[in-house]
Amino acid sequence: MIKICLAALLLAVSAAHPAYAEDPVLAKLFAEQGLEGSVVISSVRTGRTFVHNDARANRRLPVASTFKILNTLIALQERAIAGKDDTLHWDGQIRDVPDWNRDQTLASAFKVSCVWCYQDLARRVGADAYRRYLRQTEYGELREPFGLTEFWLDGSLRISAAEQVEFLRKLVRRSLPFDEFAYDTLREIMLAEQTPDYALWAKTGWAARADPQVGWYVGYVESRGEVWLFALNIDLRGKDDLALRPKLARAALAAKGIID
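Remember, it's a predicted structure, so these values are computed and weren't measured experimentally. (Residues numbered from 1 in each chain as written. Predicted model: local features only at pLDDT ≥ 70, side-chain atom pairs only at ≥ 80, totals over all residues. Heavy atoms only, no water.)

K.L.:
Could you clarify how one ought to interpret the pairing of strand S2 (residues 49-52) in this entry?
P.N.:
Working note: regular strand, side chains alternate between the two faces of the sheet. As paired elements, strand S1 (residues 37-43) and S2 share four bridges and run antiparallel to each other. Paired with Val39 across the bridge in S2 is His52. Linking S1 back to S2 in an antiparallel pair, the connection comprises five residues, with Gly47 at a positive phi of about 80°. (Pairing = 2+ DSSP bridges. Helix = DSSP H or I, 4+ residues; strand = E, 2+ residues; numbered from the N terminus.)

Below, the structure written as structure tokens:
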């Protein structure tokens, strides 16, 4: 009986934290840059998955601005904002990022990762709604108590690369608790690149308060009749490494023949 229970427990743990074989091609990309990080790439249709650094891929890290993917859906669903062209009015306070120092739309706020814009939306959404949506979507782990306008910035909300991919799988399948308008609007503003051969939807993240700081690039690609999900994170050695987030993700996708 004890052996059966132990076997069931091990099976449950394995299902919650799937283990993948190390992909040497992906590992080489990280080694060439001298970076500590991980990436998960997975097909929606077949479930085929490529991983570098499985242990890290299952480790929860601060979500940073990758939360804007889910946060946008929540804000639209809760009618905290009417649509992608609705205006968020700048308060006149000068901030470090020049692109933030003006009125924004939801579309522009997502593109420039405007912190004050999403803090404004958070106040409209409210803490109880966030708790409910995070529970319903099974999105990472939220540590209580949390600050309403800081929880995705200060490390209170954490998620692993593997969990990011599973969230994106639900997003692509539209199996999350959001209406078609929210899905369609997010799809419009999340589009990062489109070529004759593929289209890529993505969001960066920079956990600047973590030690070491963490950089994210997560999203999905429609290519050759398939949809591929990806989540990459790296330890940042300095601001120069920020550009490596999309660069390395694209290199990984190209190495697996998903994009050119």
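There is more to say, and it comes next.
K.L.:
How should unusual backbone geometry be read in this particular structure?
P.N.:
The phi angle of most residues is negative, glycine excepted, and most peptide bonds adopt the trans form. At the junction of Glu144 and Pro145, the peptide bond is cis and its omega measures out at -10° in the coordinates. Here Pro145 shows up in the loop between strand S6 (141-142) and strand S7 (157-159). At the junction of Asp211 and Pro212, the peptide bond is cis and its omega measures out at 0° in the coordinates. Positionally, Pro212 belongs in the loop between strand S9 (198-207) and strand S10 (214-223). Here the phi dihedral of Ala64 falls at roughly 50°; this positive angle occurs in a residue that is not glycine. Position of Ala64 relative to the elements: it lies in the loop between strand S3 (61-62) and helix H4 (68-77). Residue Ala64 is classed as buried on the basis of its relative accessible area of 3%. (Buried < 20%, exposed > 50% of the residue type's maximum accessible area, 1.4 Å probe, protein only.)

K.L.:
Explanation requested: the pairing of S10 in the structure shown.
P.N.:
The element S10 is largely enclosed, with a buried count of nine among its 10 residues. When S9 meets S10, the two strands line up antiparallel, connected through 10 bridges. If you follow Leu200 over to S10, its bridge partner there is Val221. Between S9 and S10, which pair antiparallel one after the other, the connecting turn spans six residues. Here S10 hands over to strand S11 (residues 226-235) after two residues, with Arg224 in that stretch at a positive phi of 50°.

K.L.:
I keep staring at the state of the cysteines and nothing clicks. Help me out?
P.N.:
Joining two cysteines, a disulfide is a covalent bond between their sulfur atoms. One pass over the full model with this rule turns up one disulfide. A sulfur-sulfur separation of 2.4 Å characterises the disulfide bridge that pairs Cys114 with Cys117. Here the disulfide of Cys114 and Cys117 is right-handed, its torsion about the S-S bond being about 70°. Using a relative accessible area of 0% as the deciding quantity, one classes Cys114 as buried. (Disulfide = S-S within 2.5 Å.)

K.L.:
Can you help me understand the pattern of salt bridges in this one?
P.N.:
Oppositely charged side chains can form a pair if their charged atoms are brought close together. This structure, assessed with the given rule, holds 23 salt bridges. In this structure, Arg131 engages Asp128 in a salt bridge whose closest nitrogen and oxygen atoms are separated by 3.0 Å. Taken together, the residues span about one helical turn, with Arg131 and Asp128 both in helix H7 (residues 127-137) at a distance of three residues. You can call Arg131 partly exposed: its relative accessible area is 32%. On the basis of relative accessibility, which here comes to 58%, the residue Asp128 falls in the exposed class. In this structure, Glu222 and Arg187 form a salt bridge, with 3.1 Å as the shortest nitrogen-oxygen distance. (Salt bridge = Lys/Arg side-chain N within 4 Å of Asp/Glu carboxyl O.)

K.L.:
Just to check I follow, could you spell out helix H10 (residues 244-255) for this structure?
P.N.:
Each turn of an α-helix holds 3.6 residues, which means side chains three or four residues apart point in the same direction. With 12 residues, H10 ought to run about 16 Å at 1.5 Å a step, and its terminal C-alpha atoms sit 16 Å apart, in line with that. The complete set of buried residues in H10 reads Leu244, Arg245, Pro246, Leu248, Ala249, Ala252 and Leu253. Where H10 is buried, its residues touch helix H2 (24-33), S1, S9, S10 and S11. Of the residues one or two after H10, Gly257 is the one with positive phi, at around 75°. (Expected span 1.5 Å × (residues − 1). Contact = heavy atoms within 4.5 Å.)

K.L.:
Got a minute to help me understand the packing of H2 against H10 in this structure?
P.N.:
Describing two packed helices takes the angle between their axes plus the distance from one axis to the other. For the pair H2 and H10, interaxial distance at closest approach is 9 Å and the crossing angle is 150°. Our classification of the angle between H2 and H10 gives roughly antiparallel. Helix-helix and strand crossings are classified by hand; for H2 and H10 the assignment is right-handed. Contact residues: H2 offers Val25, Leu26, Leu29, Phe30 and Gln33, while H10 offers Leu244, Lys247, Leu248, Ala251, Ala252 and Ala255. (Axes fitted to C-alpha atoms, helices over the stretch in contact; angles between N-to-C directions. Parallel < 35°, antiparallel > 145°, perpendicular 65-115°, else oblique. Left-handed = near helix turned anticlockwise from the far one by under 90°.)

Note that every value here comes from positions in space, so none of it alone points to a role or purpose.
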